[in-house]
Number of protein chains: 4
Amino acid sequence: MTDFSDIAPRLAEQAIELPSWAFGNSGTRFKVFAQPGVPRDPFEKISDAAQVHRLTGLAPKVALHIPWDKVDDFGALARHAADEGVALGTVNSNTFQDDDYKLGSVTHRDDRIRQKAIDHHFECIDVMNETGSRDLKIWLADGTNYPGQDDVRGRQDRLADSLQKIYDRLGDDQRLVLEYKFFEPAFYHTDVPDWGTSYAQVSALGPKAMVCLDTGHHAPGTNIEFIVMQLLRLGKLGSFDFNSRFYADDDLIVGAADPFQLFRILVEVIRGGGYGAGSDVAFMLDQCHNVEDKIPGQIRSVLNVQEMTARALLVDRGALDAAQTAGDVLGAHGILMDAFYTDVRPALAEWRESRGLPADPMRAYAESGYGAGIAASRVGGEQAGWGA
Amino acid sequence: MTDFSDIAPRLAEQAIELPSWAFGNSGTRFKVFAQPGVPRDPFEKISDAAQVHRLTGLAPKVALHIPWDKVDDFGALARHAADEGVALGTVNSNTFQDDDYKLGSVTHRDDRIRQKAIDHHFECIDVMNETGSRDLKIWLADGTNYPGQDDVRGRQDRLADSLQKIYDRLGDDQRLVLEYKFFEPAFYHTDVPDWGTSYAQVSALGPKAMVCLDTGHHAPGTNIEFIVMQLLRLGKLGSFDFNSRFYADDDLIVGAADPFQLFRILVEVIRGGGYGAGSDVAFMLDQCHNVEDKIPGQIRSVLNVQEMTARALLVDRGALDAAQTAGDVLGAHGILMDAFYTDVRPALAEWRESRGLPADPMRAYAESGYGAGIAASRVGGEQAGWGA
Amino acid sequence: MTDFSDIAPRLAEQAIELPSWAFGNSGTRFKVFAQPGVPRDPFEKISDAAQVHRLTGLAPKVALHIPWDKVDDFGALARHAADEGVALGTVNSNTFQDDDYKLGSVTHRDDRIRQKAIDHHFECIDVMNETGSRDLKIWLADGTNYPGQDDVRGRQDRLADSLQKIYDRLGDDQRLVLEYKFFEPAFYHTDVPDWGTSYAQVSALGPKAMVCLDTGHHAPGTNIEFIVMQLLRLGKLGSFDFNSRFYADDDLIVGAADPFQLFRILVEVIRGGGYGAGSDVAFMLDQCHNVEDKIPGQIRSVLNVQEMTARALLVDRGALDAAQTAGDVLGAHGILMDAFYTDVRPALAEWRESRGLPADPMRAYAESGYGAGIAASRVGGEQAGWGA
Amino acid sequence: MTDFSDIAPRLAEQAIELPSWAFGNSGTRFKVFAQPGVPRDPFEKISDAAQVHRLTGLAPKVALHIPWDKVDDFGALARHAADEGVALGTVNSNTFQDDDYKLGSVTHRDDRIRQKAIDHHFECIDVMNETGSRDLKIWLADGTNYPGQDDVRGRQDRLADSLQKIYDRLGDDQRLVLEYKFFEPAFYHTDVPDWGTSYAQVSALGPKAMVCLDTGHHAPGTNIEFIVMQLLRLGKLGSFDFNSRFYADDDLIVGAADPFQLFRILVEVIRGGGYGAGSDVAFMLDQCHNVEDKIPGQIRSVLNVQEMTARALLVDRGALDAAQTAGDVLGAHGILMDAFYTDVRPALAEWRESRGLPADPMRAYAESGYGAGIAASRVGGEQAGWGA
């Protein structure tokens, strides 16, 4: 197997974007359990996100969600981020919480509502211009609950038209990243249900439009690493939303439900050139910490990605290729599993210390007193959440 | 095929309980879209439910949810229901919206919290004593999100202990009905995930404990009518929560996603003696009308159940048995499909008119002006919802 | 609702291709149950298929599978078909039953094996030139059973290369139709798992390459009619393999498992211009009659498609569009359901009689004595099957 | 975390039964790829199985399948096994490959066929009496492909009656173990689809009847370790059929598809007292090596179970309980994951050597020349398979 020292340099290339909303309250349709110390505004969210980066060195950027993270002065927010040692990243639009969007947003039959949804994306691009963000990420709640509720074809055509208008507004160095989702909150059809639809739509737009793959947005049993391979092959993998799930879009901590799947995904990312300095693929988390603490939840998440990336880098590609060429099914499978079963944690702890980071970021956070501090100081005001 | 006139008398035996919460606002974790005219209190919910019964003759009872439907005087609520031509039915407990229940209720490791959850059920039984309700329905959100979060076995034992305490408080004519659910809001395990667990738990309690089957609470592909058959065979089918789904617990209108599945379920209900005057099985709806109007949504739902019941009653049992005995696969299947494909709607319209009901309850509601009336009059106050 | 007389002319445009292999023995890995009267050669298969067309008028073509249907003289086979009143249709290749293909065919690492698989397709095109068939349908069993077994990306590139070679051999009026399948017989990954992959591959080839949608080849819960809509929108829907399933690729009679799904699919086919004289979309069955009689199984299947097509044609598009435009969720859904619940069988029986066909083809077949005849006469020889 | 030296003694208690049929040819409905050296008779199968035990010390028993392993003299077969260092284990019945069983076996409407299926089980008990086997394992292919094909309730009652007759024939130290399966080869319903049905059936029989849990026989997303917990809690877990799957009943190498799931299962086995000397739970493999070599496939499988058992034994139960009691979600989860991510392979290699076993059984097998030997010597005769 590849030696850890050989892969160590590549680990430094890893950067995972944190979602600002992971630090706010979240829950299910049944209940949102509030937690003490939760941020009351985007500035506090960024401070929390910065803790994750400070302890892991893995999370230099924070993704924003508009309007949840709307502030009067995005320049001030960017400076606050810089002061905390991080930067502002992807801007996420929201066209699912206005009453007008009950039956659709960029796909709506009503010209007024469709234009409103397009305008919202223009506003997001304005924010990007202020924050210097590269990516506009579009996840749509558009869909229907009942067969016949709307004409699915017409919606697809209007989607294409709306996306074109948004695309045309992008700056030269900006990208549009279109997320797909199998279901929820729409329960009969969603307008971008699978990678094929996202791929067909962004291909029609042009080179600055890419697909976003959220690991929790697939049908049961879907081979996600295959999609990763395919999108990299087609040059259209824009970004990841990492999380994990046992059932639907559970939004659990990445790697918690099926660590081996995360490994396989990262193996294909590396295989396809999606990892590291030379790649434009953005790695983001998109999770909900409904019952666990949020900041350590994010620390655990980026560590999971890092540990699994290390295992994926350890795969002995030469030996693997030889076994595959020989048609040695068990041998080739065994070479892959050998990397997966390697315990990279001690080497990673050393690696961290060599870079001035705590060997055990989870413990370092627990001992830092930061959690108790924000619980004590953030009294009053309204805790951030999804505003659902 | 059986003639409609032969089954008409049996149709009069149908009674479907409506959930009070179907008339309040509901939605997803992303957004609850409020609707005009939504009730502000349990009295208004019951008035709305009574509209459904008035127009269809199918929905003589309204299920309550505690604490959502808590009132100072349940006797007054019962009288209001009677004035409106309906009665109060099943009482549903709620142990998922108090902060104490974040990690569990009747399964919680903490004796205090567990007792609090048990006491809530005692309170529900007190309500039942006031309202004359027969059934206490227990759906638990208990579960965990991460492997290792709790000891699943210990939770199961505590569940048994808590249920026993609740069971012991039941009156002679009261029942405990335990619902199971595959997932949500817990995303790694739920403490009552399948009919087997509910069956094992209620069997340990005694004859007054039964299983509740919610049609949306199963793994993908589950043959639900088989479970209906099995629970009837074992004498443990207590009640149905009807709805439909394409993906998870979508809570769509019953019969909307897979009408043929609803037909097969009702065929087994009738086959197993679960239908009509001689049966104790309770038929309830449990749906969310997130994007459609709520009262007509409920009317559509009870009509769907009625139409499908009529089709199920039309199955020519004699011919079916003969074909099955002969091993005639296509013949037997064809006899079943013959009933399914029969358009019972004209005959049902006549049947309704013969009983003083409108031929087309959907149209009758639209023309009644009731919807516009409540939209105009129910101004101010706080609309009912799930309080999530 | 639209009147039956308005849609009757369009019903005459319907043509469903029958698979020759549906008349041979089939089964599962556990057992193939042989049936009396099963054909011993392609000529007998075509005679059986011709019975279906004779009684229904719906099935004018028979799809061949090479090598299962290999004969010395395809011209003779074509003449036999013409004598029986049908024609030869799509040619299906087979690269899954030669020992060389254990680890792959057109994706294999070994140049020799890959060329062998390509050559087999050249042979199929030769057959097409003899039979006058338009479509070469490619379903690949290629895939792996274990992570690491092979390099998935390399396989995809070799797939593209092989398909290009095959595509280049097509005549001007011939098409390549690439089928996708979620899983089986490969159990970790398949090389063409979803419509997106098939679409990306055929788009790279050119206008004569299209996607084949088999209704049983999707992940649980997949909205198939959405894919139909999308492929028609993109101009890439080449053909259907109709069947139905409750679980995996069960290959049951089309419409048997979820009639409402078949209805929704046909609604989108018609909506998207995929039905009738002006369309190039090929409609085929691909089913296994493991426990039911094969010829009546095929009759039942084409009738199911016809009945559901009639219902789909009955949808009142004008009223539907109006309700959708008004945002009337229940109204629009109701208009769709109105067509689905209409019993078109009596009108179709009349329509058949008006065209000299038996009113009840199932009964006509049973009374024809054909089944008993072939059971008595086809004695000796080896019954056709999959040769697995 | 627990130290390896503390768990080493418990590892010696592990025993995994091998299925004789794993050494024969297997495949899918599309193709069975024969392999060189495959056994021609039960004696050769047992010799192959003995290789696995010789190199791992983990597989002291071989399960038989009747009639596939029928021999004139089971005493001679038992002596052959003893000579090879193994013993004969569970006897598996087969009621799915006789033409009579096309529509059912122990559930069949026809008394004659039902009795024939019961008689087959009597014959299996006779074999058990000769071989000294404890367990009669019953997996039924019974089910239907089409709604209406048969009366599901009647089948369930006949199933109960047939099982009772078989149960009554058991000796005092013999057990009946009833397997359940979600689907395949039946595609609409199976007569024992879930653990609840198996549990209800065996509970009605008595203490010698138990449930068999095959890890590949569940609906997508099913939490299998929960079922393990529940069956152990109810005292009804008789045996495991280990394998793994990505989709349906793929019968891949145990631990290959989702290693973390195997870990969680074994954690619950140990938690519930199902592991080791004091437990009656039988651990078996039930896999198909369709594309990989069979003997190393079985070696890989028992090693996977052993490695995962070691990890499960390493869980620090005290610390886990403390974290769970404290409601520390991330802490408790982390303690579990700590054991999972521990690389136990070096310690297990040492442990093996300390017991006179090869450190690396896979390599030892490759270097043994056994595979080449049987490929060379087993020429002529008919290779064993499923006879489908």
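Heads up: these notes are all about the structure in this document. Quick caveat: nothing in here was measured; it's all calculated off a predicted structure.

Observations concerning the relation of the copies chain D and chain B
- Superposing chain D onto chain B takes a rotation of 180° combined with a translation of 0.0 Å along the rotation axis, leaving an RMSD of 0.0 Å. When the rotation and shift are considered jointly, the pair of chain copies conforms to a two-fold rotation axis. Across chain D, the smallest distance between a C-alpha and the rotation axis is recorded for glycine 196 of chain D, namely 2.1 Å.
- An overlap of 100% is found between the interface residues of chain D and their copies at the interface of chain B, pointing to a shared contact surface.

What to know about the interface of chain D and chain C
- Every contact between the two is made by 44 residues of chain D and, on the other side, 44 residues of chain C.
- Together, the buried faces of chain D and chain C total about 4,200 Å²; carbon and sulfur atoms form 64% of this surface.
- Linking chain D with chain C are eight salt bridges.
- Close ionic contact of glutamate 184 of chain D with arginine 29 of chain C constitutes a salt bridge, the shortest N to O distance being 2.9 Å.
- Taken together, the links from chain D to chain C amount to 18 residue pairs in polar contact (both at pLDDT 80 or more).
- The residue inventory of the side of chain D that touches chain C, partitioned by class, reads 25 nonpolar, eight polar and 11 charged.

Looking at the packing of helix H7 (residues 224-233) of chain B against helix H8 (residues 259-271) of chain B
All names here are of chain B.
- Orientation of H7 relative to H8, taken along the N-to-C sense of each, is 15°, at an axis distance of 8 Å. The angle between H7 and H8 falls in the class roughly parallel. Along this stretch, H7 crosses H8, giving a crossing that reads as right-handed. The segment H7 lies against H8, with Ile224, Glu225, Val228, Met229 and Leu232 engaging Gln261, Arg264, Ile265, Glu268 and Val269.
- The residue inventory of the contact of H7 with H8, partitioned by class, reads six nonpolar, one polar and three charged.

Comments concerning helix H1 (residues 4-11) of chain D
Residue and element names in this part refer to chain D.
- Along H1, the residues that are buried comprise Phe4, Ile7, Ala8 and Leu11. Down the axis of H1, the sector holding all buried residues measures 130°, keeping them to one side. Exposed residues on H1 whose side chains face more than 90 degrees from its buried face are Asp6 and Pro9.
- Of the surrounding elements, those touching the buried residues of H1 are helix H9 (294-314) and helix H12 (345-354).

Structural notes on the packing of aromatic side chains
- Summed over the entire model, instances satisfying the criterion amount to 86 aromatic pairs over all chains.
- Ring centres of phenylalanine 263 of chain D and phenylalanine 340 of chain D lie 5.3 Å apart, and the angle between their planes is 55°; this geometry places the pair in the tilted category. You can see phenylalanine 263 of chain D sitting in helix H8 (residues 259-271) and its partner phenylalanine 340 of chain D sitting in helix H11 (residues 329-340), a full 77 residues away along the chain. Each member of the pair, phenylalanine 263 of chain D as well as phenylalanine 340 of chain D, is classed as buried.
- Clustering of aromatic rings is evident, with ring pairs tying together Phe260, Phe263, Phe340 and Tyr341 of chain A together with Phe260, Phe263, Phe340 and Tyr341 of chain D.

Cut-off values and rules
Residues numbered from 1 in each chain as written. Chains lettered and ligands numbered in written order. Predicted model: local features only at pLDDT ≥ 70, side-chain atom pairs only at ≥ 80, totals over all residues. Heavy atoms only, no water. Least-squares fit on C-alpha atoms with pLDDT ≥ 70 in both. Contact = heavy atoms within 4.5 Å. Buried area = accessible area lost by both parts, 1.4 Å probe. Salt bridge = Lys/Arg side-chain N within 4 Å of Asp/Glu carboxyl O. Polar contact = N/O pair within 3.5 Å; in protein donor to acceptor, adjacent residues only side chain to side chain. Nonpolar A, V, L, I, M, F, W, Y, C, P; charged D, E, K, R; others polar. Axes fitted to C-alpha atoms, helices over the stretch in contact; angles between N-to-C directions. Helix = DSSP H or I, 4+ residues; strand = E, 2+ residues; numbered from the N terminus. Parallel < 35°, antiparallel > 145°, perpendicular 65-115°, else oblique. Left-handed = near helix turned anticlockwise from the far one by under 90°. Buried < 20%, exposed > 50% of the residue type's maximum accessible area, 1.4 Å probe, protein only. Arc of directions from axis to C-beta. Phe/Tyr/Trp six-rings, centres within 6.5 Å; stacked < 30°, edge-to-face > 60°.

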